[in-house]
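This is what each chain is made of:
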Amino acid sequence: MMTQIMNQNSPAATSTDVLLELRDLKTHFHTHDGIVRAVDGVNLKLNRGRILGIVGESGCGKTMLTRTVMRIAPEPAAKISGDILWHRPDGQTTNLAQYPVHSKSLRNIRGKEIGMIFQEPMSSFSPIHTIGNQITEALRTHYRISKKEAKERVINMLYQVGIPKPSERYEAYPFELSGGMRQRAMIAMALICEPTLLIADEPTTALDVTVEASILKLMKSLQVQLNMTIMIITHDLGVIAKLADDVAVMYLGNIVEQGPVSQIFDNPQHPYTQALLTSMPRIKTAFKRLETIQGSVPGPYEVLPGCPFAPRCAEAVDHICTAAMPALLPIPDAGEHLVRCFMREEVV
Ligand SMILES: Nc1ncnc2c1ncn2[C@@H]1O[C@H](COP(=O)(O)OP(=O)(O)OP(=O)(O)O)[C@@H](O)[C@H]1O
Ligand code: SF4
Ligand SMILES: [Mg+2]
């Protein structure tokens with residue numbers, strides 16, 4: 001059942017700046033071999049008009065986190081709990097976690113208020129329909145407008161995302177476009193309804209460096225133009241440096257450090273973030289495996305007592321780090337910079 005919470009009932013929603021707020025969000029898979037805690041208690045606030053980058057090694061839960069926010073995680077296999085609070089500009093807050101997964105309300109929000117672009121555009125487009133028809137359909141699903149008007153808007157959007165000869169490309173099938181053009185077409189599809197939030201999961205990983213740079217530039221300019229908020233997942237800290245305002249570092253289903261990009265890059269506090277940055281001294285190449293950190297991400301079924309990073313952490317202290325899970329706490333006098341590490345907590 002859908003729940004609507006007015007701002008006055010929701011103390012955390014009093015700031016009109018917060019667009020999306022996650023509270024103790026979990027996505028668990030109960031498998032024959034045990035529970036996979038893909039997302040394991042994420043608390044996060046995303047402010048309007050900001051670009052948040054989400055980074056972390058493979059398997060840390062980045063994709064599952066954003067799919068859970070959009071409620072496109074493979075439910076019911078994926079068990080979701082916690083709150084996904086969507087704060088609208090009109091002052092209403094809706095908890096997306098409480099909608100039935102196939103509800104019309106959720107379908108209305110997806111695509112219209114929250115748009116998503118994926119790493120591989122072929123998975124978003126049907127091969128048997130033209131690009132133009134598919135984007136037009138996405139628009140007409142949410143707005144009652146004539147086919148003619150919808151087509152005009154789609155051609156205009158194809159032009160805005162930098163597709164040359166948009167009227168001709170409107171009639172193209174996905175396989176007729178290059179990788180970069182398909183990616184632009186997918187951005188056009190995600191933006192056609194001018195969503196408040198754009199979620200992008202590795203949108204440039206499959207592209208070469210030149211195309212990547214132009215796609216990032218495009219995303220940034222559309223973000224300013226449409227006053228959008230963006231959540232972007234990437235393996236590549238260079239992408240974060242070029243595009244994002246804030247960054248959240250994920251490890252084993254949880255956020256271990258979060259804050260403005262400049263602070264995290266200049267003064268990383270969590271040993272995991274420090275290792276991520278050390279692994280990419282010139283912030284140029286994407287990381288797949290961290291040479292500078294011993295070991296690897298534990299298997300999905302391993303539940304470790306204490307700090308999940310302890311087995312790989314050079315700073316771990318026996319009986320402290322393995323006794324309890326550290327909380328994500330603000331660093332004193334560092335504004336919005338938060339870190340989850342016992343060794344960074346203020347001694348009182
Ligand atoms: N359908 C599923 N059933 C069980 N476990 C799953 C399922 N889908 C994902 N997982 C697990 O959830 C965890 C998080 O996966 P996720 O895809 O979110 O990672 P990621 O950070 O996006 O990794 P990558 O950088 O490789 O894309 C992984 O351990 C993965 O194996
Ligand atoms: S809490 Fe301990 S194990 Fe975890 S990151 Fe901090 S120092 Fe390392
Ligand atoms: Mg992923």
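What counts and what doesn't
- Residues numbered from 1 in each chain as written.
- Chains lettered and ligands numbered in written order.
- Predicted model: local features only at pLDDT ≥ 70, side-chain atom pairs only at ≥ 80, totals over all residues.
- Pairing = 2+ DSSP bridges.
- Helix = DSSP H or I, 4+ residues; strand = E, 2+ residues; numbered from the N terminus.
- Contact = placed C-beta atoms within 7 Å.
- Axes fitted to C-alpha atoms, helices over the stretch in contact; angles between N-to-C directions.
- Near = placed C-beta within 6 Å.
- Nonpolar A, V, L, I, M, F, W, Y, C, P; charged D, E, K, R; others polar.
- Buried ≥ 20, exposed ≤ 12 C-beta atoms within 10 Å, placed from the backbone.
- Parallel < 35°, antiparallel > 145°, perpendicular 65-115°, else oblique.
- Left-handed = near helix turned anticlockwise from the far one by under 90°.

Q: Could you clarify how one ought to interpret the sheet that holds strand β13 (residues 338-339) in this entry?
A: Strand-to-strand pairing in sheets goes through backbone hydrogen bonds, with the strands running parallel or antiparallel. Here we have eight strands laid out as an open sheet, ordered β7-β8-β9-β4-β10-β11-β13-β12, and mixed in their pairing. Edge positions in the sheet fall to β7 (114-117) and β12 (329-330), since each has one partner strand and no second. Here two bridges tie strand β11 (residues 254-260) to β13, and the two strands are oriented antiparallel to one another. Within β13, the position partnered with Glu 257 by the bridge is Val 339. Sitting on the sheet, helix α10 (residues 271-278) is in contact with β4 (51-55), β10 (246-251) and β11, with an inclination near 105 degrees to β10.

Q: How do you make sense of the site of ligand 2 when you look at a structure like this?
A: In the vicinity of ligand 2 lie 13 residues, with Cys 307, Cys 313, Ala 316, Cys 321 and Cys 341 positioned nearest. Counted by class, the shell around ligand 2 contains eleven nonpolar, one polar and one charged residues.

Q: Can you walk me through the environment of Ile 320 in this structure?
A: As for its placement among the helices and strands, Ile 320 is situated in the loop between α10 and β12. Under the C-beta neighbour-count criterion, Ile 320 is labelled partly exposed, with 14 such atoms within 10 Å. Sequence-wise, Ile 320 and Met 343 are 23 residues apart; in three dimensions their C-alpha atoms are separated by 9.4 Å.

Q: Explain the pairing of β7 here, please?
A: Remember that side chains alternate between the two faces of the sheet whenever the strand is regular. Taking every second residue as pointing to the same face, both faces of β7 are buried, with Ile 114 and Met 116 on one and Gly 115 and Ile 117 on the other. Sheet analysis places β7 next to strand β8 (residues 197-201), joined by four bridges and oriented parallel. Its bridge partner lying in β8, Ile 117 is registered against Ala 200.

Q: Sorry, what's going on with the packing of helix α3 (residues 131-142) against helix α6 (residues 179-191) here?
A: Helices that pack against each other are described as a pair by the angle of their axes relative to one another and the distance between those axes. In contact at an axis separation of 9 Å, α3 and α6 are set at 20 degrees when each is read in the N-to-C sense. In terms of orientation, α3 lies roughly parallel with respect to α6. Note on packing geometry: the crossing formed by α3 with α6 is right-handed. Taking contact as the criterion, the partners of Ile 131, Gln 134, Ile 135 and Ala 138 in α3 are, on α6, Ala 185, Ala 188 and Met 189.

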